[in-house]
Amino acid sequence: MARLSDPITILKGVGPTKAKQFAALNIFTLEDLLCHFPRAYEDRTHFVAIGDLQVGEPACFRAVVMNTPRTNHIRKGLDITRVQVADHSGRLNLVFFNQKFTTEQLQYGSEYVFYGTLSGDYMGYSMTSPSFEKPDSQPITTRRVLPVYPLTAGLSNASVLKAVRQALAICNPPEEVLPPRILEKYNILPAEQAYRIIHEPRSMEDVQQARKRLIFEEFFVFSAGLALLRASRKGKTVAPYQKTDLSPFYKVLPFTLTGAQNRAIAEIAADLQKGTPMNRLVQGDVGSGKTMVAAAAAVLAVQNGQQAALMAPTEILAEQHFASLQKLLAPLGISVALLTGSMTVKQKKEIRENIQNGAAQLIVGTHALLTDATAFSNLGLVIADEQHRFGVAQRAALTSKGTDPHVLVMSATPIPRTLALLMYGDLDVSILDELPPGREPVDTFLVNESYRPRLNGFIRKQVAEGHQCFVICPAVEENEELNLKAAEVWSQTLEKTVFPDLRIALLHGQMKGSQKEQVMTDFAAGNADILVATTVIEVGVDVPNATLMVIEDADRFGLSQLHQLRGRVGRGKSKSYCILVSSNKNAETVARMKALCKTTDGFKIAEEDLALRGPGDFFGSRQSGLPVFRVAGLSTDMGILKIAQAASVEWIETLGTSQTPEAQALRKRIGQLFARSEGTIN
Ligand code: ADP
Ligand code: MG
């Protein structure tokens, strides 16, 4: 027997080339392979007579070959093979492209099983490149429910099928993590069966059972993990804060706080006086003023003799927070420091010394602050800005550091309730549901290419009035296939041909940290009129003078992402606009974007987005900090989530100490899940 941890290269047919292709799907071991679940299934178990085939509907049928296949060589690289087959109900012409070798094995007079899609019109019917097998062969492409796997360039579904089949033959599927009691109570398939069936189902009903089991397992493991995390924190005690006088802070503020801000601050102050570590999420739409809530928390920490760390997801944002917080808090005698990866070694050394000896009281940086060599004198409060990139894994890492700081996470992504339960199941929540007064909603329009001249005119007008514009493109390099306007190319076009007289800057994720920072600082200082950027600017960037957000190929973005991008304008006193440019005519896509034009309510948009796209896309690719659910769809499988959560609560009390094989396997699995959900930082 092979082990799950063995590399997939022990499989026949998986050499270095295949291994590389699998690696692109994050598949390295047999376990990875068995956890690479089909994204869909084709039910090829039902047979249809040739006379009953329907145009456009794939089906299986048995038929006898009526002539010897004939191949015509049309030109270099194009061979067409034709053959006629028949059953009792009729005849059908089959056409194959460049399959001379296989199709010429079809023997005149023999019967085969085919699977394909009928095409045709009044000129007659035919079928292009159906799969076929002998009726007595092992069912591989016909007579079965065929799993359809997520693939990557060069890797065919057939290769994955073959590899999975071998793997199932030489090793046992991942071990059981659910106690027998729960399998029975909730009528759930055991792990071994579920893993086999999901890859080799006999029927679609089978698939449903196996899926249900695996979804249950994912949610169960995750909920149990969160519960363990919460339980481990509950037992901790810290010194309650004695001083909670924020009046000096209120005095230096240039404005009065909103009711929502005050409520959140009061909730935080109450947490800090409790004597157990705070774990709170502040959730508020873009522009709701989360930074001030964070600042208040930091003031309290410093007042009580502790250091506070504020972590931003990007260096740009860390820079900005540092600049505004230093200005705000220096008059209160609080020393604010900045630590980022792109500083010189000497600078870093000096700042680290100040952090270690306690001279620096509020330290702003990226999340590298926690992972690198930085030693704090007395770290009491960790604030993570833009929480969706600061996942459960990082929170778990914090607690395991042993210092048990208070944790405050801030998210600008309005998260639908169901999802919030998953992401923040271990947190208390404060909601900022109020914007500072005087904010005018950003007017949003959807336009297509025919508006280009007017759009260019509009950009000019904004610039002439002394304002600045963002132009967002989906990717950096030109993608010919999709014909997307890559940031780099688009910025050149604008610079050379459209606005040669305007100052155009470029910002994208592949630039070095220090470069990005320079561009952003320059733009914020008004040294460019138009900033062409990828979504690196999505998070948090504050340039109040920018009044126009143009989003090219807007259909490529998720609604929540568009909403975040739109939040980059409308931060100053002038009326702001967001123009979504898209020539996509798909009715659903258009409806999605129009929804954005109608509402500025982030929660409504988020609900809609989640329902439409599912959580992976919901946050943009892989930056969610959400655990990676391989089977479960968060918009469709919420029913199972609730049950699994309840089940994990029943089980959790004994889990910590239980020595049953499932309990041990479950603890191991929880560790892996949190490690895998590591948020990515760009
Ligand atoms: P968020 O991080 O929630 O998107 P910020 O904290 O960046 O929002 O605040 C957005 C802008 O609103 C900033 O320029 C900030 O100074 C300002 N602001 C915050 N709170 C208030 C308030 N109560 N009244 C007026 N302006 C405020
Ligand atoms: Mg912010």
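The structure this text deals with has already been given above.
## Re the pairing of strand β15 (residues 406–411)
Working note: regular strand, side chains alternate between the two faces of the sheet.
(1) Moving on: With respect to burial, β15 is a largely interior element, six of its six residues being buried.
(2) Moving on: Along β15, one buried face is formed by H406, L408 and M410 and the opposite face, lined by V407, V409 and S411, is buried too.
(3) Moving on: Bridge count between strand β10 (residues 279–284) and β15: five bridges; the pairing is parallel. Pairing of Q283 across the sheet is with S411, part of β15.
(4) Moving on: Of the pairings in the sheet, the one linking strand β14 (residues 379–384) to β15 comprises four bridges and is parallel in character. In the strand pairing of β15, V382 is matched with V407.

## Describing the sheet that holds strand β16 (residues 428–432)
(1) Moving on: Sheet architecture is open: seven strands sit in the order β12-β13-β11-β14-β15-β10-β16, paired in parallel fashion. Edge positions in the sheet fall to β12 (336–339) and β16, since each has one partner strand and no second. The sheet shows a mean angle of 20 degrees between the axes of neighbouring strands, direction not considered.
(2) Moving on: As paired strands, β12 and strand β13 (residues 362–366) are joined by four bridges and run parallel to one another. Its bridge partner lying in β13, L339 is registered against G365.
(3) Moving on: Running over the sheet, helix α12 (residues 345–357) touches β11 (307–312), β12 and β13 and is turned about 135 degrees from β12.

## Describing the nonpolar core
(1) Moving on: Ranked by internal contacts, the top residues of the largest apolar core, which has 62 residues, are F249, L329, L362 and V364.
(2) Moving on: With eleven residues, helix α10 (residues 290–303) is the single largest residue contributor to this core.
(3) Moving on: Filtering out sequence-adjacent residues up to four positions away, L362 remains in contact with A298, A308, L310, L325, L329, I334, S335, V336 and A337.
(4) Moving on: Ranked by size, the runner-up nonpolar core spans 38 residues in total, among them F37, I197, F216 and A644.

## Focus on the side chain of T366
(1) Moving on: With respect to the element layout, T366 can be found in strand β13.
(2) Moving on: If near-sequence neighbours (up to four positions away) are discounted, T366 is found in contact with M311, A312, T314, E315, A318 and L339.

## Considerations on the site of ligand 1
(1) Moving on: If you check the shell around ligand 1, you find 16 residues, and the closest are T256, G287, K290, T291 and R439.
(2) Moving on: In the model, an oxygen atom of ligand 1 is placed 3.0 Å from a nitrogen or oxygen of the G289 main chain.
(3) Moving on: When its residues are assigned to classes, the shell around ligand 1 shows four nonpolar, seven polar and five charged.

## Things to note about the pattern of salt bridges
(1) Moving on: A complete count under the given rule lists 21 salt bridges for this structure.
(2) Moving on: Note that E133 and R143 form a salt bridge whose closest N and O atoms lie 2.9 Å from each other. Here E133 is found in strand β8 (residues 131–133), whereas its partner R143 is found in the loop between β8 and β9 (145–148), with ten residues between them in sequence. In this pair, the class of E133 matches that of R143, namely buried.
(3) Moving on: A network of salt bridges, in which partner residues are shared, links E176, R213, E217 and R669.

Cut-offs applied
Residues numbered from 1 in each chain as written. Chains lettered and ligands numbered in written order. Predicted model: local features only at pLDDT ≥ 70, side-chain atom pairs only at ≥ 80, totals over all residues. Heavy atoms only, no water. Buried < 20%, exposed > 50% of the residue type's maximum accessible area, 1.4 Å probe, protein only. Helix = DSSP H or I, 4+ residues; strand = E, 2+ residues; numbered from the N terminus. Pairing = 2+ DSSP bridges. Axes fitted to C-alpha atoms, helices over the stretch in contact; angles between N-to-C directions. Contact = heavy atoms within 4.5 Å. Core = buried A, V, L, I, M, F, W, Y, C linked by side-chain atoms within 4.5 Å. Near = heavy atom within 4 Å. Polar contact = N/O pair within 3.5 Å; in protein donor to acceptor, adjacent residues only side chain to side chain. Nonpolar A, V, L, I, M, F, W, Y, C, P; charged D, E, K, R; others polar. Salt bridge = Lys/Arg side-chain N within 4 Å of Asp/Glu carboxyl O.

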